[in-house]
There are 2 protein chains.
Amino acid sequence: MMNIAVLGYGTVGSGVVEIVNTKHAYIQGRSSEADLNVKYILDLRDFPGDPNEDKVTHDFNDILNDNSVRIVAEAMGGTKPAFEFTAKLLEAGKHVVTSNKELVATHGLELLKIAKEHNVNYMFEASVGGGIPLLRPLSYCLAANEIQAINGILNGTTNFILSKMINENLTFEEALEIAQANGYAEADPTADVEGIDACRKICILADLAFGANVDPAKVHAEGITKITLEDVAYANNCGSVIKLVGTAKRLPDGKAYITVSPAIVRSGSQLAAVSDVFNGVLINGDKVGDVFFYGPGAGKLPTASAVVADIIDCANHDEKRKMLGWGPEIDGMVADYREVPNEYYIRLKVENPAEAQQEIRDAFGKIYLLARSGAYNTELAFITAPFTENEVRAKLDALHSVKLKSLIRVADC
Amino acid sequence: MMNIAVLGYGTVGSGVVEIVNTKHAYIQGRSSEADLNVKYILDLRDFPGDPNEDKVTHDFNDILNDNSVRIVAEAMGGTKPAFEFTAKLLEAGKHVVTSNKELVATHGLELLKIAKEHNVNYMFEASVGGGIPLLRPLSYCLAANEIQAINGILNGTTNFILSKMINENLTFEEALEIAQANGYAEADPTADVEGIDACRKICILADLAFGANVDPAKVHAEGITKITLEDVAYANNCGSVIKLVGTAKRLPDGKAYITVSPAIVRSGSQLAAVSDVFNGVLINGDKVGDVFFYGPGAGKLPTASAVVADIIDCANHDEKRKMLGWGPEIDGMVADYREVPNEYYIRLKVENPAEAQQEIRDAFGKIYLLARSGAYNTELAFITAPFTENEVRAKLDALHSVKLKSLIRVADC
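Quantities reported herein were computed from a predicted structural model and do not represent experimental measurements.

A.B. asks: Would you mind going over the relation of the copies chain B and chain A in detail, with residue names and values included?
C.D. replies: Placing chain B over chain A gives an RMSD of 0.0 Å and needs a rotation angle of 180°, together with 0.0 Å of translation along the axis. The transformation just described matches what one would write down for a two-fold rotation axis. No C-alpha of chain B approaches the rotation axis more nearly than that of Phe293 of chain B, which lies at 2.5 Å. Interface overlap between copies: 100% of the residues of chain B at the interface are likewise at the interface in chain A, consistent with a symmetric, same-surface contact.

Now the structure itself:
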């Protein structure tokens, strides 16, 4: 009997308990030599009538001090008190697995160090891409590859909203309302629509890919609140779609370009076909080339199934720590996103289109002009050759009678 | 220093040596605590002038009897002498990793048993999907899922040929010639075009997914040699493409439908977008839903990078065996493919189209008629509701003056 505890009986936590309880015989028969048993559920609430009511405790110390508990699944979210609880559990020699991307992105390095010191595992497959296998493939299957680039659609809420804008011509506000009505967006959608959630995830991927800690606070994240239907239409005109893309890319100078922002994704890219609440991640390794992972990036049972996979792995490796982690932050590794060249999509309001077009060509050289039906005749939209954002802004500032309406990078994938 | 040996200095074997030698510092820094060193290369040939010339031996016993060799990469292909060599190495307490799908599909169960008895690892990530992470994600990341279905494009050669037929309207023979000229098909292309290679791979996936050995000899495999441009055109007419699909699916009666054959893949399926020599595998788990893996299914460095990933994993788990494997064959588990219901695409030569259409509707009930430009007026093509192949053939046999030209299942993914 291997006892486990679950911290937080919300969406993911209750999914973990459900899977461990109902798939018990299956898991033991196929995946694990251990007989997994949920002994405690930590939550501030009571759950009268719930089949697992008797396992609920309000006291973290019940779990911390019970030596029969070997594995703890943390599904509380946030960093307080999740960080303190996780650190104490690891120090007590218990394995901890989690779906908590905020905690892993901000304190993962520290927690992995504590885990190593106490010869236990801290695992977090569910923290990126929900149910999609991502972190093990990246860390183990691609271990012989120097990872050159990762481009991912890492947030289902924003992808759902953008899909509605693209396919049904809804505005951002209308699409957000539908997402909220369907439970895909929270009442306060800030962390999703401002790119904060996706930023945590690209940082975790970059940690593992580059072997050095990436602080989300130093990564530029831009959300989708400013995307308009005009932009969606112009993107469509060049066979593209607008997606919220997390990017982590090695640069020739040894730095890394790490960012989250809306991006123009060409229809040939695997990312273009990732619709609705799904996630998709394209990883480029120097030996393997491009590999692509796709699936449900959130949801109770998909995410919980990834947490339970980590529990099973801990149970199978109780004595032996897995090799998973990364080194400390490298000073100056994250390049200024404004200094990295990208092709850009630019939409302008101009006074005299013919004149403006000539000025733009003089400033940018070759551009690719875009059209949309119903465009104002004072509107100009085009794709540039590769420039840095600083260069683009300087060129635009020097133009006469031109107002910048949209500036969106073109994804390089 | 952890010494390794490579059996076979062909495409994959030489790639393994190249990666271990050139990525040595990178691998040691990021992925492995061990200092990997290629000590022997076994091959019947000499390689005068090759930088690794001095490591080549013709004598397997040099490797078998050298206790400093802890890990052996088998990249010989075939089963003789690969099976005997692998068994002896495992019995001698060495880890063995391989890209040899024929050996894993036919003798994997036996070799895993020997590995377990001697507390070493037998790993084969590269045997399915080349460089695409597949077997670890399936075995570990999806461990909490009961796998319901796997549908995969598992052979790059046939996918390249079909892509040429679909996109450039070339015949099978013309496309095969181009594949051979590009090195994507061998002089004797039988194993690829007859579905034998894909069959080995779907059997390995089924072994891991269902936890029971699946003998490739008991699995129906049909290749793409009979696919015509008429079929390609009709598929296109219903928004579909023809792909060589390996399927392993749980059936309601507890049996499994395991087969490789051409299949009509609807454009909404992730598999439809897998073009050229790429592979793609869609896995459905009862908790996670659909997850999809895509990338290069063959090629020197992609495949070798997966072999090296296994080497690294063995080096990191030298004392502790990984939990990977499956149980013995379950008698009668593989259902008769002719008794499993599928929608079918059927192309007929008929004498009187109007009469035949009425007869067909009487026999099959609702059908979906297809069109193509340039069709003969004695041609009828349609999609049926779900029937077994035996039912379909019995119905067709009962029709008058009708000749069956093509019968292709519609993929359920």
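A.B. asks: Residue-level account of the interface of chain B and chain A, with values.
C.D. replies: The interface is formed by 50 residues belonging to chain B together with 50 residues belonging to chain A. The contact between chain B and chain A buries some 4400 Å² in all, and 58% of this surface belongs to carbon and sulfur atoms. The largest per-residue losses of area from chain B upon contact with chain A belong to Arg30, Lys287 and Met323 of chain B, which jointly make up 16% of the total buried on that side. Counting the contacts that link chain B with chain A gives four salt bridges. Note that Lys23 of chain A and Asp286 of chain B form a salt bridge whose closest N and O atoms lie 2.4 Å from each other. Seen at the junction of chain B and chain A, the total is 18 residue pairs in polar contact (both at pLDDT 80 or more). Elements supplying a minimum of two residues to the side of chain B that touches chain A: helix 1 (11–22), helix 2 (24–30), helix 6 (135–141), helix 10 (196–210), strand 12 (289–296) and helix 12 (300–316) of chain B. The residue makeup of the side of chain B that touches chain A, split by class, is 27 nonpolar, 10 polar and 13 charged. Note: strand 12 (residues 289–296) of chain A against strand 12 of chain B, three bridges, orientation antiparallel. Looking at the pairing, Tyr294 of chain A lines up with Phe292 of chain B of strand 12 of chain B.

A.B. asks: Explain empty space enclosed by the protein residue by residue, including any values.
C.D. replies: Residues and elements named next belong to chain A. Taken as a whole and assessed by the stated rule, the structure comprises seven cavities of 30 Å³ or more. One number sums up the size of the largest cavity: a volume of about 60 Å³. What lines the largest cavity is simply Met123, Phe124, Glu125, Leu135, Arg136, Tyr140, Leu208, Asp310 and Leu324.

A.B. asks: Pulling in residues and values, what's your account of the packing of aromatic side chains?
C.D. replies: In total, this model carries 22 aromatic pairs over all chains according to the counting rule given. For the ring pair Tyr9 of chain B and Phe47 of chain B, a centre distance of 4.8 Å and an interplane angle of 80° mean the geometry is edge-to-face. Placement of the pair is Tyr9 of chain B in the loop between strand 1 (2–7) and helix 1 and Phe47 of chain B in the loop between strand 2 (36–42) and strand 3 (56–57), with a sequence separation of 38 residues. In this pair, the class of Tyr9 of chain B matches that of Phe47 of chain B, namely buried. Seen in terms of ring centroids, Phe292 of chain B and Tyr294 of chain B are 6.4 Å apart; in terms of plane orientation they differ by 35°. Their pairing is tilted. A relative accessible area of 1% places Phe292 of chain B in the buried class. Three or more aromatic residues joined by ring pairs form one cluster here, namely Phe278, Phe292 and Tyr294 of chain A together with Phe278, Phe292 and Tyr294 of chain B.

A.B. asks: Explain the sheet that holds strand 2 (residues 36–42) of chain A to me, using residue names and the numbers behind them.
C.D. replies: Residues and elements named next belong to chain A. The six strands lie next to each other as 3-2-1-4-5-6, forming an open sheet whose pairing is parallel. Bordering the open sheet on either side are strand 3 (56–57) and strand 6 (122–123), each of which pairs with just one other strand. In this sheet, strand 4 (residues 69–74) lies alongside strand 1 (residues 2–7) in parallel orientation, the contact comprising five bridges. When the sheet's bridge partners are listed, Ala5 is paired in strand 4 with Val72.

A.B. asks: Please set out the pattern of salt bridges residue by residue, giving values where relevant.
C.D. replies: All names here are of chain A. Evaluated as defined, the whole model comprises 44 salt bridges over all chains. Its salt-bridge partner being Lys101, residue Asp197 comes within 3.4 Å of it at the nearest N-O pair. With Asp197 in helix 10 (residues 196–210) and Lys101 in helix 5 (residues 101–117), the pair connects residues that are 96 residues apart, well separated along the chain. For Asp197, a relative accessible area of 5% gives the class buried. For Lys101, a relative accessible area of 27% corresponds to the partly exposed category. Linking Arg200 and Glu102 is a salt bridge whose minimum nitrogen-to-oxygen distance equals 3.7 Å. Of this pair, Arg200 sits in helix 10 while Glu102 sits in helix 5, and the two are 98 residues apart along the sequence. A residue is classified by how much of its surface remains accessible, and Arg200, at 18% relative accessible area, is buried. Classification of Glu102 by relative accessible area gives partly exposed; the value is 25%. Via salt bridges that share partners, Glu125, Arg136, Asp310 and Asp313 belong to a single interconnected network.

A.B. asks: Go over the packing of helix 7 (residues 156–168) of chain A against helix 8 (residues 172–181) of chain A with me, naming the residues and quoting the values.
C.D. replies: Helices that pack against each other are described as a pair by the angle of their axes relative to one another and the distance between those axes. Residues and elements named next belong to chain A. At a minimum axis distance of 9 Å, the contact between helix 7 and helix 8 shows a crossing angle of 130°. On the basis of the axis angle, helix 7 is oblique to helix 8. Helix-helix and strand crossings are classified by hand; for helix 7 and helix 8 the assignment is right-handed. Facing Phe160, Ile161, Lys164 and Met165 of helix 7, the residues of helix 8 in contact are Phe172, Ala175, Leu176, Ile178 and Ala179. Class assignment for the residues of the contact of helix 7 with helix 8 results in eight nonpolar, no polar and one charged.

A.B. asks: Please give an account of the sheet that holds strand 6 (residues 122–123) of chain B that cites residues and values.
C.D. replies: Residue and element names in this part refer to chain B. Spatially, six strands are ordered 3-2-1-4-5-6 in an open sheet, and the strand pairing comes out parallel. Single-partner strands in this sheet number two, and they are strand 3 and strand 6. Sheet topology note: the strand 2/strand 3 ladder contains two bridges and is parallel. Each residue of the ladder has a partner; that of Leu42, found in strand 3, is Thr57. With respect to the sheet, helix 1 is in contact with strand 1, strand 2 and strand 4 (69–74), its orientation differing from that of strand 2 by roughly 155°.

Scoring rules and cut-offs
- Residues numbered from 1 in each chain as written.
- Chains lettered and ligands numbered in written order.
- Predicted model: local features only at pLDDT ≥ 70, side-chain atom pairs only at ≥ 80, totals over all residues.
- Heavy atoms only, no water.
- Least-squares fit on C-alpha atoms with pLDDT ≥ 70 in both.
- Contact = heavy atoms within 4.5 Å.
- Buried area = accessible area lost by both parts, 1.4 Å probe.
- Salt bridge = Lys/Arg side-chain N within 4 Å of Asp/Glu carboxyl O.
- Polar contact = N/O pair within 3.5 Å; in protein donor to acceptor, adjacent residues only side chain to side chain.
- Helix = DSSP H or I, 4+ residues; strand = E, 2+ residues; numbered from the N terminus.
- Nonpolar A, V, L, I, M, F, W, Y, C, P; charged D, E, K, R; others polar.
- Pairing = 2+ DSSP bridges.
- 1 Å grid on protein atoms, 1.4 Å probe; cavity = no way out; pocket = protein on both sides within 12 Å on 5 of 7 lines; lining within 4 Å.
- Points joined across faces, edges and corners; volume = space filled by probe spheres on them.
- Phe/Tyr/Trp six-rings, centres within 6.5 Å; stacked < 30°, edge-to-face > 60°.
- Buried < 20%, exposed > 50% of the residue type's maximum accessible area, 1.4 Å probe, protein only.
- Axes fitted to C-alpha atoms, helices over the stretch in contact; angles between N-to-C directions.
- Parallel < 35°, antiparallel > 145°, perpendicular 65-115°, else oblique.
- Left-handed = near helix turned anticlockwise from the far one by under 90°.

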